Amino acid sequence: MDQEKGDDSDLLQNDEKLHWKSYYKNLLLLAYQSFGVVYGDLATCPLYVYKSTFTGRLHNFQDEETIFGAFSLIFWTFTLIPLLKYVFIVLSADDNGEGGTFALYSLLCRHAKFSLLPNQQAADEELSTYYRPGYTSRSTALSPLKRFLEKHKKTRTALLLVVLFGACMVIGDGVLTPAISVLSSISGLQVRAAGLSNAVVVLISCIVLVGLFALQHRGTHRVAFLFAPVVIIWLLCIGLVGLYNIIHWNPRIYRALSPIYIIKFFKVTGKEGWLSLGGILLCITGSEAMFADLGHFTAASIKVAFVTVIYPCLVLQYMGQAAYLTKNASSVPTSFYASIPNSVFWPVFLVATLASIVASQAVISATFSIVKQCLALGCFPRVKVVHTSRWIYGQIYIPEINWILMVLCLAVTIGFRDTTLIGNAYGIACIAVMFVTTWLMALIIIFVWQKNIFFALLFLTFFGIIELLYLSSSIIKVPQGGWAPLVLSTVFMAIMYVWHYGTRRKYIFDMQNKVSMKWILTLGPSLGIVRVPGIGLIYTELVTGVPAIFSHFVTNLPAFHQVLVFVCVKSVPLPYVPPDERYLIGRIGPRAYRMYRCIVRYGYKDIQKDDYNFEDHLVLSIAEFIQMEAEESRGSVSSDGSPEGRMAVISTSERRSGLVVRDADDGAPGVSVSGRSSKSETLQSLQSLYEHESPNLTRRKRVRFELPQSPQVDPQMRDELAALLEAKEAGVAYVLGHSYIKARKNSSFMKKFVIDVAYSFLRKNCRGPSVALNIPHISLIEVGMIYYV
């Protein structure tokens, strides 16, 4: 007996050892991969920090004590913001593993009623990943701050604008990072080729940038295996070069680790030292990427990579450059390349160029991700999103955004031609995003983590003051290039807000003009029109009620399909919706009306796949709902549906509908509900031609549904399922509103301009809803309708 217990304990210990071994192996693998995606931007900062710091009149103070003070500022800034703020605090505020500005906003919208998304419903709160583990609504329900923010729409609008501003600054990073990284690395050629003009450096940089953006459609996964080694080799190179410079030029530089040198720095330099903070700030650009790219890795892996490699290597490099400058103050404009020993210059230059491309790639990918998140939350016009990898989830490419970024990046490179001016712009973009994150984190501490407001104020005060100091220094440099991110963010923010405003006004119009259920019930099961064979899918943004487009259609064409399904494809403030919780199915009106509602829910990071057959999923889900409803209604007085019945979550992995699913070409015997399709030969030939020309459709697995032969099936349920399958065999039609949005005649001039000009322009020049929803054109019916909002 004792021997058996001993064997069991040994097995448990072995299992535990294997578990921890597997955990550490995965942790180290993710930490290794994070170098190429997360840290490319942060790792290339030494290329331009000292050059941007010692600009203007500060070059008159290039003595040893001033250089010591500049390094001390860099060291403590690098320690407090990336290490203390992001690694130890912000990385813990993930949204089910996702990070970034929108992840924080999503968390807030779920734990307090801050969202302006109009079609949210109580059923969304029942999603398994909706609330943070351990969250209790009671503790914050009585918070006066929460009640104030929820009550006033202007405060919620202001919160959305702050988030959009942060998102726009990330897009600004996508323009400025490739420009400053590539231009800084290529400018190293001037150290060895003194006669090389700035025009040639700019030309070479532009060629590299065009190549970088032209290859985006290939997908980062094809060259991702090179990214991590490049950044690791780069970090080891600059770390060793920094250590060499410390030993060779000025070992006393370690004294500058004391913050006393910061006080001495400002005493000597005064206002010029404060203005130089805009250059010091560049040492932490890329810190936000640690949080924004959290979804591809884990918080632990990002922390391990930063603490073990990033932090020591970059500190050594900044210290080494400072040691070199104390003895070679005239080399400030080319301090990084000038400090490299001659024997290793060209290998380091080559690695620097590759590292700058990796840094650019990471930020471009992050820009695509932020645009997709804005798109999912109704804050960006519909654009084409291409998924570049079948295996790596979330890697996307957006053609329109890619070419806009390339044009803007080339314009910045050719227009400024100087990394100092680009650095001024870059600094404002980065510190603005960090400042937005600080404010959102303060709200997270109160409403999501449910901590005392004192901790939120402490966090906001400590980091807010530091970032305000840097922001104030950067704003002074607006005339010297700092205007670029402000102009870019203003334009993108205007586009986002106009789109969000127009979409919201359209939804409110739909809500106010819903078809009366009383009117539908008085028409009877036939709805007063001819019910033709087939399923009619009516797409709407409404999650309750019947949209006005339906009455508009039947008024002009008094015929409709025998089965009607009102489909709503909506986004919820979650990164991912579990597939088993994606479909909500309900009934509209009594059973004899054959009217259903289907709500398909996606998170802001979910992929809306176009390679699966939505029609088959829908039929199976409705069939399962019919069976579920029949089982629940047994023994009740009335088995008829209510005018707007409850919605049920239908799992896609465990089907209980009882339908027999066969391949379309399978000749196995079964009980089919219809013998021959009701489509005409002409329509059938057109459909076969369309499917032949559409590769996405030919990949789909063709299936047919049959009813089981069991005599125990409820007759009413069997009749309803038979009607559903007959309609499916007859064909599916997609009904979509082709809306024209116009401002009312008594609207203000500003509203008319926003709706009639700006919003109308965006709608005409973005992807149509039928394309975004992957609706086959052969089955599409568009209903024109004018919205006066």
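My aim in this report is to walk through the structure given alongside it, one point at a time.

Here we take up the overall build of the chain. For the chain, the count of helices and strands is 30 helices and 11 strands. Within the chain, buried positions represent 54% of all 789 residues. The contacts of the chain with a sequence gap of at least 6 include a subset with a gap of at least 24, amounting to 84%. When the accessible surface of the chain is split by element, carbon and sulfur atoms take 62% of a total near 34600 Å².

It is worth spelling out the environment of Leu257 at this point. Here Leu257 lies in the loop between α11 (224-249) and α12 (260-269). A C-alpha to C-alpha distance of 9.6 Å links Leu257 and Ile74, two positions 183 residues apart in sequence. Leu257 has contacts with Phe71, Phe75, Trp76 and Met319, leaving out every residue within four places of it along the chain.

Once that is clear, we can look at helix α18 (residues 345-376). With 32 residues, α18 extends 47 Å between its outermost C-alpha atoms, agreeing within 8% with the 46 Å of an ideal straight helix rising 1.5 Å per residue. Among the 32 residues in α18, 25 count as buried, and that is most of the element. Just downstream of α18 lies Gly378, where phi reads positive at about 75°.

Looking now at the packing of aromatic side chains. Counted according to the given criterion, the structure contains 32 aromatic pairs. Arranged with centres 5.3 Å apart and planes meeting at 45°, the rings of Trp499 and Tyr759 form a pair that is tilted. Taken together, the residues Trp499 in helix α22 (residues 483-512) and Tyr759 in helix α29 (residues 749-764) connect sequence positions 260 residues apart. For the pair Trp499 and Tyr759, a shared accessibility class is recorded, and that class is buried. Among the aromatic side chains, those forming a connected cluster through ring pairs are Phe35, Tyr39, Tyr50, Phe78, Phe306, Tyr311 and Tyr318. Over the ring of Tyr130 we find Arg110, and its NZ or CZ is 5.7 Å from the ring centre. Against the face of Tyr261 rests Lys264, its NZ or CZ located 4.8 Å from the ring centre.

On to unusual backbone geometry, then. Non-glycine residue Arg417 carries a positive phi angle of around 60°. Topologically, Arg417 is positioned in the loop between α19 (399-416) and α20 (419-447). With a phi close to 55°, Gln450 is a non-glycine residue in the positive phi region. Structurally, Gln450 can be placed in the loop between α20 and α21 (453-475). Residue classification places Gln450 among the partly exposed residues on the basis of a relative accessible area of 25%.

It is worth spelling out the side chain of Thr79 at this point. Within the secondary structure layout, Thr79 lies in helix α4 (residues 64-87). Among the residues examined, Thr79 registers a relative accessible area of 13% and is labelled buried. One polar contact links the side chain of Thr79 to the main-chain carbonyl oxygen of Phe75, over a distance of 2.8 Å. There is a polar contact of 2.7 Å between the side chain of Thr79 and the side chain of Tyr311. In this view, Thr79 contacts Leu84 and Tyr311; residues no more than four positions away in its chain are not counted.

With that settled, the discussion passes to the side chain of Arg156. Looking at where Arg156 falls in the secondary structure, it is placed in helix α8 (residues 153-186). Judged by relative accessible area, which is 15%, Arg156 ranks as buried. In this view, Arg156 contacts Lys113, Phe114, Ser115, Leu116, Leu149 and Glu150; residues no more than four positions away in its chain are not counted.

The next point concerns the pairing of strand β10 (residues 732-742). A regular strand places its side chains so that they alternate between the two faces of the sheet. Strand direction decides the pairing type here: strand β3 (residues 530-539) and β10, joined by four bridges, are parallel. Across the sheet, residue Ile535 finds its bridge partner in β10, namely Val732. Examined bridge by bridge, β10 and strand β11 (residues 780-788) share nine bridges and lie parallel to one another. Directly across from Tyr734, in β11, lies its bridge partner Leu780.

Attention now moves to helix α5 (residues 101-111). Buried residues dominate α5, accounting for 11 of its 11 residues. Three or more residues of α5 are buried, namely Thr101, Phe102, Ala103, Leu104, Tyr105, Ser106, Leu107, Leu108, Cys109, Arg110 and His111. Check the buried side of α5 and you find it contacts α7 (144-151), α8, α15 (287-292), α18 and α20.

Let us look at a nonpolar patch on the surface. A contiguous nonpolar patch, built from Phe749, Met750, Phe753 and Val757 and spanning about 460 Å² of accessible area, is present on the exposed surface. A residue is classified by how much of its surface remains accessible, and Met750, at 53% relative accessible area, is exposed.

Procedures and definitions
- Residues numbered from 1 in each chain as written.
- Predicted model: local features only at pLDDT ≥ 70, side-chain atom pairs only at ≥ 80, totals over all residues.
- Heavy atoms only, no water.
- Helix = DSSP H or I, 4+ residues; strand = E, 2+ residues; numbered from the N terminus.
- Buried < 20%, exposed > 50% of the residue type's maximum accessible area, 1.4 Å probe, protein only.
- Contact = heavy atoms within 4.5 Å.
- Areas by Shrake-Rupley, 256 points an atom, 1.4 Å probe, with all protein chains shown as cover.
- Expected span 1.5 Å × (residues − 1).
- Phe/Tyr/Trp six-rings, centres within 6.5 Å; stacked < 30°, edge-to-face > 60°.
- Lys NZ or Arg CZ within 6 Å of the ring centre and 35° of its normal.
- Polar contact = N/O pair within 3.5 Å; in protein donor to acceptor, adjacent residues only side chain to side chain.
- Pairing = 2+ DSSP bridges.
- Patch = residues over 30% accessible without salt bridge, like charges linked within 9 Å, V, L, I, M, F, W, Y side chains within 5 Å.
- Salt bridge = Lys/Arg side-chain N within 4 Å of Asp/Glu carboxyl O.

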